[in-house]
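Spelled out, the chains give:
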Amino acid sequence: MNQKLLKLTTILLLLVGIASSCNPDCPPDCPDEYPKNISFTEYSLLETSCQWQNLPYDEKVIIINSSEELEKYISCTEGDYPAIDFSKHSLLLTSGSVNNSVAEIIVKSLKQVSFQKCILNIELDLKYKDDTESWCMALMVEKLNDESSIKLNVVLKTPEIIRPVTITDGDIIDFFNMALPQWGHSNCFFTLFERLKDTCIIINNMDEFRYACECTDTVPEIDFRVYTLIIAKKMVFHSDVYLIDQWIINDDSLTLYITMYDGGNGALAYSPKHRWGIYPKLPNKPFSVKYIELN
């Protein structure tokens, strides 16, 4: 009985060994090896006369294994691009485009998940910009065979957009209709000097609110424990200009964006337009205002 059991055990072990060696994608020990991290070095054209060309910007990874292949994607006005020993290394080239400004490209990981398959994880740290911008990244790795494939995962780290809250309190609405008319100077919040330039007031408590308002001692109650009041003024050159929308981008700093529409038919007069908004309590960061002109 023991001899039969020993023979059966031997046969089973042989079958397991054969089965584990039949995977065409990897060597027999691959279940213990994958996934594993692949080391890489960024390949940069900065401080050279070269630039990338013919990039597809389709968020796919191109595996380059020779100088002839690389020359399709590089153009130099003088000198040569940084050399690569393609007998030992491959170059991974990827590119894409986004509707923001790319502040930083961060390679989170490059993992090999099987003998011929890898996954490249990239994070794009974006800054708000109302335009499309392209990006590219090149990485030098140990030599890959021509059958290798790399899947690209791109994560967008976008800045926070903060919108003003919807105001339904009639006292607050009536006050600002009186204090900040759509057209004409305000005697409530801006000194004579400030009336001649673009300016913005940020108010974070009731004492600041009362101090800033010069036309009356009675201002509506706003819960500044949870809100921030912003009052902006833009000098325009004729009456048919309107400030129609606003939002804040919370990034390294706070930027208030205000859209302007110019109808083009107003009477010529250098006068102010006002825009106010009550926002969720804003963090203490550098603050700026940008106006976007709509056609």
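It should be emphasised that the depicted structure is a prediction, and the values quoted were computed from it without experimental measurement. (Residues numbered from 1 in each chain as written. Predicted model: local features only at pLDDT ≥ 70, side-chain atom pairs only at ≥ 80, totals over all residues. Heavy atoms only, no water.)

Colleague: Sorry if this is basic, but what is going on with the sheet that holds strand β16 (residues 268-280) here?
Modeller: For sheets, the rule is that strands pair by backbone hydrogen bonds, running either parallel or antiparallel. Pairing in this open sheet of 3 strands is antiparallel, and the strands run β12-β13-β16 from one edge to the other. Taken across any chain shown, the strands that pair with only one partner, and hence form the sheet edges, are β12 (199-203) and β16. Averaged over all pairs of adjacent strands, the angle between strand axes in this sheet comes to 15°, irrespective of strand direction. In terms of strand pairing, β12 meets strand β13 (residues 227-238) through 5 bridges, oriented antiparallel. Note on β13: the bridge partner recorded for Ile 203 is Leu 229. (Pairing = 2+ DSSP bridges. Helix = DSSP H or I, 4+ residues; strand = E, 2+ residues; numbered from the N terminus. Axes fitted to C-alpha atoms, helices over the stretch in contact; angles between N-to-C directions.)

Colleague: What's the story with the sheet that holds strand β4 (residues 61-64) in this structure? I'm lost.
Modeller: The 4 strands lie next to each other as β2-β9-β6-β4, forming an open sheet whose pairing is antiparallel. Of all strands in the sheet, those bounded by a partner on one side alone are β2 (41-42) and β4.

Colleague: Would you take a moment to explain unusual backbone geometry for this structure?
Modeller: The general pattern is negative phi for most residues beyond glycine and trans for most peptide bonds. In this chain, Tyr 34 is followed by Pro 35 through a cis amide linkage whose omega measures 0°. In this fold, Pro 35 is placed in the loop between α2 (30-33) and β1 (36-37). Positive phi, normally seen in glycine, also occurs at Glu 47, with a value near 65°. The phi torsion at Glu 59 lies on the positive side, around 55°, for a residue other than glycine. In this structure, Glu 59 sits in the loop between β3 (50-52) and β4.

Colleague: What is the right way to read the packing of aromatic side chains from this model?
Modeller: The description of an aromatic ring pair rests on the distance of the ring centres and on the angle between the ring planes. Per the counting criterion, the structure on display carries 10 aromatic pairs. On the numbers, 5.8 Å between centres and 90° between planes, the contact of Phe 175 with Phe 209 is edge-to-face. In this pair, Phe 175 sits in helix α4 (residues 170-179) while Phe 209 sits in helix α5 (residues 206-212), placing the two residues 34 residues apart along the sequence. On the basis of relative accessibility, which here comes to 7%, the residue Phe 175 falls in the buried class. Taking the relative accessible area as the measure of exposure, Phe 209 reaches 0% and is therefore buried. Between Phe 189 and Phe 209 the ring centres are 6.4 Å apart and the planes differ by 10°, which places this aromatic pair in the stacked class. Placement of Phe 189 in the loop between α4 and β12 and of Phe 209 in helix α5 is noted, with a sequence separation of 20 residues between them. Aromatic rings pair up to connect Phe 175, Phe 176, Phe 189, Phe 209, Phe 224 and Trp 276 into one cluster. (Phe/Tyr/Trp six-rings, centres within 6.5 Å; stacked < 30°, edge-to-face > 60°. Buried < 20%, exposed > 50% of the residue type's maximum accessible area, 1.4 Å probe, protein only.)

Colleague: Explanation requested: the state of the cysteines in the structure shown.
Modeller: Think of a disulfide as a covalent bridge from one cysteine sulfur atom to another cysteine sulfur atom. Under the counting rule described, the total for this entry stands at 2 disulfides. A disulfide bridge connects Cys 50 with Cys 76, and the sulfur atoms are separated by 1.9 Å. Since a negative S-S torsion denotes a left-handed disulfide, the Cys 50-Cys 76 link at about 100° is right-handed. With a gap of 26 residues between them, Cys 50 in strand β3 and Cys 76 in strand β5 (residues 74-76) connect regions that are remote in the sequence. Accessibility expressed as a relative area gives 9% for Cys 50, which makes it buried. The partly exposed category is assigned to Cys 76, whose relative accessible area is 29%. Disulfide pairing places Cys 188 opposite Cys 215 at an S-S distance of 1.9 Å. The disulfide joining Cys 188 to Cys 215 has a torsion of about 90° about its S-S bond and is therefore right-handed. A residue pair is termed long-range when its members are at least 10 positions apart, and Cys 188 in the loop between α4 and β12 and Cys 215 in the loop between α5 and β13 qualify at 27 residues. Here Cys 188 falls in the buried class, since its relative accessible area comes to 4%. (Disulfide = S-S within 2.5 Å.)

Colleague: Hey, could you run me through α4 in this one?
Modeller: Among the residues making up α4, those that are buried are Ile 172, Phe 175, Phe 176 and Ala 179. The buried side chains of α4 occupy one side of the element, clustering within an arc of 90° when seen end-on. Away from its buried face by more than 90 degrees, α4 exposes Asp 174 and Asn 177. Next to the buried residues of α4 lie α5, β13 and β16. (Arc of directions from axis to C-beta. Contact = heavy atoms within 4.5 Å.)

Honestly, that's just the spatial picture; any functional story needs more than this.
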